[in-house]
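Structural description and commentary
What follows is the residue order along each chain.
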Amino acid sequence: MKSIEDIEKLTVEELLQIANEDSVEVPSRLDARLKKVLAAAQVAEGIRDAAADKQRSFRRQRSWIFAAAAGIALVFGLVMNSVPKTPKDTFDDPYLAYAEIEKTFAFMSDKVDKGLDKAGTAAAAIKKADRIIDTITK
Amino acid sequence: MKKIIIASAALLISVAALAQDARSIYNKYSNEKGVSAVYISPSMFRFIGKLPELEIADEDIDISKIVRSLDGMYILNTERQDLKARLVEDMQKFVNSGKFELLMEAKEDGEAMRMYKISKGNVITSFVMIADDDEETAFICFSGKILEEDLMEMIAAASE
């Protein structure tokens, strides 16, 4: 039997010549062993491909999750920025706050009063006009 | 993804609509020079509601009933001529964009007073008064659950 070093020293022609020689005996279970090795190689390749697919799908999923998280963060930031902040109470003392409310209602009443005065003046003018029309039409 | 984009857009639109409310107007003008601003929070209204003296009505007008039904108030007042027009414009935008209905309007010689309300049945949930004359511009906005009769009664009593 030749050692690996001897085989490595052989030329291609010599190797082909040896391969064509019928006198060289092939081990009886070599075919089965070769088939097993090839099948194992195929299985290993399949596993490697499946792992790569899984990794690609995980990467895709991860980038979607990142994109969604970034979108949510952006919307949240915009919302927080757009919602007006609650102002601070002007008064700490409820009595002062009540006094301010009273003052506000007095102001409102004053404005309404002025409005009603104007309405009253307008009503008087309308009545006067009505009287004139009545006098003319009689 | 499509759903997320649509939901985000809807959210942004609703936020933009919300931005032009009484609070944002208050925040915009309350720190300006020459503007007097008052904010009374819902918690302060709860404190006021607990005041024992509130049981004793004012000799002329009883505002206690209304005060107890309020839960927030914004007041802005300015005599600054350069701010008045902007303030009136923002206030008008606010009442025009909401569900406000005009309750009363009085105008004469450059003086205008308008009252707006949002109500559910005979309960006013939001009230706005815009008073603008040559001297000053005032914005009063309050919310709560005020019976329309109570408010009208108070206004009528005050104008007697």
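Not measured: the values here are computed from a predicted model.

What to know about the overall build of chain A
- From N to C terminus, chain A includes four helices and zero strands.
- Along its sequence from the N terminus, chain A presents helices and strands in the succession α-α-α-α.
- In chain A, which comprises 138 residues, the proportion classed as buried is 8%.

Some points on the overall build of chain B
- Counting its secondary structure elements, chain B contains six helices and six strands.
- When its helices and strands are written in sequence order, chain B yields α-α-β-α-α-β-α-β-β-β-β-α.
- Each of the 160 residues in chain B was classed as buried or not, and the buried ones make up 29%.
- For chain B, long-range pairs separated by at least 24 residues make up 61% of all intrachain contacts whose partners lie at least 6 apart in sequence.

A short note on the pairing of strand S3 (residues 101-108) of chain B
- Along S3(B), only zero of the eight residues are buried, which leaves the element largely exposed.
- In this structure, the hairpin formed by S3(B) and strand S4 (residues 111-120) of chain B is closed by a connection of two residues, where Asp109(B) is found at a positive phi of approximately 45 degrees.

A few points about the confidence of the model for chain B
Residue and element names in this part refer to chain B.
- Per-residue pLDDT for chain B has a mean of 82; in total, 78% of the residues score no lower than 70.
- No element of chain B has a lower mean pLDDT than helix H1 (residues 2-19), which averages 56, and none a higher one than strand S1 (residues 35-40), which averages 95.
- The low-confidence segment residues 15-19, where pLDDT is below 50, has nine contacts with residues more than four positions distant or belonging to other chains.
- Interface confidence for the predicted complex, expressed as ipTM, amounts to 0.79; the pTM equals 0.63.

Brief notes about the nonpolar core
- By size, the foremost hydrophobic cluster in this structure holds 46 residues, and its most contacted members are Ile101(A), Ile40(B), Tyr74(B), Phe139(B) and Ile140(B).
- Discounting chain neighbours no more than four positions away, the residues touching Ile40(B) are Asp89(A), Thr90(A), Phe91(A), Ala97(A), Ile101(A), Phe45(B), Gly72(B) and Met73(B).

What about the interface of chain A and chain B?
- Counting residues at the interface gives 31 residues for chain A and 38 residues for chain B.
- When contributions to the side of chain A that touches chain B are tallied by element, the ones reaching two or more residues are helix H3 (30-82) and helix H4 (94-137) of chain A.
- In terms of residues, the side of chain A that touches chain B owes the most to one element, H4(A), which gives 18 residues.
- Of the residues assigned to the side of chain A that touches chain B, the class counts are 17 nonpolar, six polar and eight charged.

A few points about the confidence of the model for chain A
- Model confidence for chain A is summarised by a mean pLDDT of 83, while 86% of its residues fall at 70 or above.
- Of all helices and strands in chain A, the one with the weakest mean pLDDT is H4(A) (76), whereas H3(A) scores best (88).

Quick word on the pairing of strand S6 (residues 137-147) of chain B
Residues and elements named next belong to chain B.
- Sheet topology note: the strand S2 (residues 70-78)/S6 ladder contains eight bridges and is antiparallel. Following the sheet pairing, Gly-72 is matched in S6 by Ser-143.
- Relative to S6, strand S5 (residues 123-132) runs antiparallel, the two sharing nine bridges. From the neighbouring strand, Met-129 faces S6, where its bridge partner is Ile-140.
- Hairpin connection from S5 to S6: four residues lie between these consecutive antiparallel strands.

Describing the packing of helix H2 (residues 22-29) of chain B against helix H5 (residues 81-97) of chain B
All names here are of chain B.
- Taken N-terminus to C-terminus, the directions of H2 and H5 make an angle of 165 degrees; their axes are 10 Å apart at the nearest point. Regarding the angle of H2 to H5, the classification is roughly antiparallel. In the crossing of H2 with H5, the sense of the turn from one axis to the other is right-handed. In contact with Ala-22, Ile-25 and Tyr-29 of H2, H5 contributes Leu-87, Asp-90, Met-91 and Phe-94.

Thoughts on the sheet that holds S1(B)
All names here are of chain B.
- Pairing is antiparallel across the open sheet formed by six strands, whose spatial order is S1-S2-S6-S5-S4-S3. The open sheet has two edge strands, S1 and S3, and neither has a second partner. Here the average twist between neighbouring strands, direction ignored, is 10 degrees.
- The strands that H2 touches are S1, S2 and S6; relative to S2, the one it contacts most, it runs at about 40 degrees.
- Across the sheet, helix H3 (residues 42-49) touches S1 and S2, and the angle it forms with S2 is around 110 degrees.

Remarks on the environment of Met154(B)
- Note that Met154(B) resides in helix H6 (residues 148-158).
- With 89 residues separating them along the chain, Met154(B) and Lys65(B) place their C-alpha atoms 9.5 Å apart.

Parameters and conventions
- Residues numbered from 1 in each chain as written.
- Chains lettered and ligands numbered in written order.
- Predicted model: local features only at pLDDT ≥ 70, side-chain atom pairs only at ≥ 80, totals over all residues.
- Helix = DSSP H or I, 4+ residues; strand = E, 2+ residues; numbered from the N terminus.
- Buried ≥ 20, exposed ≤ 12 C-beta atoms within 10 Å, placed from the backbone.
- Contact = placed C-beta atoms within 7 Å.
- Pairing = 2+ DSSP bridges.
- pLDDT = per-residue confidence, 0-100.
- Core = buried A, V, L, I, M, F, W, Y, C linked by C-beta atoms within 7 Å.
- Nonpolar A, V, L, I, M, F, W, Y, C, P; charged D, E, K, R; others polar.
- Axes fitted to C-alpha atoms, helices over the stretch in contact; angles between N-to-C directions.
- Parallel < 35°, antiparallel > 145°, perpendicular 65-115°, else oblique.
- Left-handed = near helix turned anticlockwise from the far one by under 90°.

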